[in-house]
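A structural walkthrough
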Amino acid sequence: MLERLMGALCAVPGVEQSYIIDDLGTIISSVGDAGFVPSTSMLGLIVNQAKESAKVTGIGIVEEIWLEGEKRTIIDRLRTDLLLILEGRGGQLGRWRYAVESCRESVESLC
């Protein structure tokens, strides 16, 4: 069931890869291009820097990170120990965000 939900996220225009990682960088679920293994080390660094910045400035908890450029990424916090990541080229990040929010409860219940 989790693979189906992750596959549905890959059907959103522009999304090429969807995956869930834990706070140690271990891939829990991944759907996307065959043979592609997501690099979690860079994402872990980005998330840790965002958390540290939020802590230092006192702005609260990091719930979501959007990265835009040639490659686009949305990193969404499902729980304190799980991140849902969408990556791809093109598409509208607002639609990606809406897709994540639409399936959040189902994904959380399966993890």
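The preceding data block contains the structure.
Residues numbered from 1 in each chain as written. Predicted model: local features only at pLDDT ≥ 70, side-chain atom pairs only at ≥ 80, totals over all residues. Heavy atoms only, no water.

Before going further, it helps to spend a moment on the pairing of strand 1 (residues 15-22). Of all the eight residues making up strand 1, seven are buried; the element is thus mostly covered by neighbouring parts of the structure. Inspection of the sheet shows strand 1 paired to strand 5 (residues 82-88) by seven bridges, in the antiparallel sense. Among the inter-strand pairings, Tyr19 is bridged to a residue of strand 5, identified as Ile85. Joining the antiparallel neighbours strand 1 and strand 2 (residues 27-32) is a turn of four residues, in which Gly25 adopts a positive phi near 90 degrees. (Buried < 20%, exposed > 50% of the residue type's maximum accessible area, 1.4 Å probe, protein only. Helix = DSSP H or I, 4+ residues; strand = E, 2+ residues; numbered from the N terminus. Pairing = 2+ DSSP bridges.)

In this section: helix 1 (residues 2-10). Burial in helix 1 covers these residues: Leu2, Leu5, Met6, Leu9 and Cys10. Down the axis, helix 1 shows its buried residues gathered within 150 degrees of arc, on one side only. In this structure, the buried side of helix 1 is in contact with strand 1, strand 2, strand 5 and helix 3 (93-110). (Arc of directions from axis to C-beta. Contact = heavy atoms within 4.5 Å.)

So, about helix 2 (residues 40-57). The terminal C-alpha atoms of helix 2 lie 26 Å apart, and with 18 residues this matches the ideal 26 Å at 1.5 Å per residue to within 8%. Of the residues making up helix 2, those classed as buried are Thr40, Leu43, Val47 and Ala54. Summarising the axial view, the buried residues of helix 2 lie within an arc of 60 degrees, below the 170-degree limit, and thus occupy one face. Of the exposed residues in helix 2, the ones pointing more than 90 degrees away from its buried face are Ser41, Val56 and Thr57. (Expected span 1.5 Å × (residues − 1).)

Attention now moves to the packing of helix 1 against helix 3. Remark: helix 1 packs on helix 3, axes separated minimally by 10 Å, with the N-to-C direction vectors making an angle of 165 degrees. Classified by the interaxial angle, the pair formed by helix 1 and helix 3 is roughly antiparallel. In this structure, helix 1 crosses over helix 3, and the sense of that crossing is left-handed. Here Leu2, Leu5 and Leu9 of helix 1 lie close against helix 3, whose contacting residues are Ala99, Val100, Cys103, Ser106, Val107 and Leu110. When grouped by side-chain class, the residues that make up the contact of helix 1 with helix 3 number eight nonpolar, one polar and no charged. (Axes fitted to C-alpha atoms, helices over the stretch in contact; angles between N-to-C directions. Parallel < 35°, antiparallel > 145°, perpendicular 65-115°, else oblique. Left-handed = near helix turned anticlockwise from the far one by under 90°. Nonpolar A, V, L, I, M, F, W, Y, C, P; charged D, E, K, R; others polar.)

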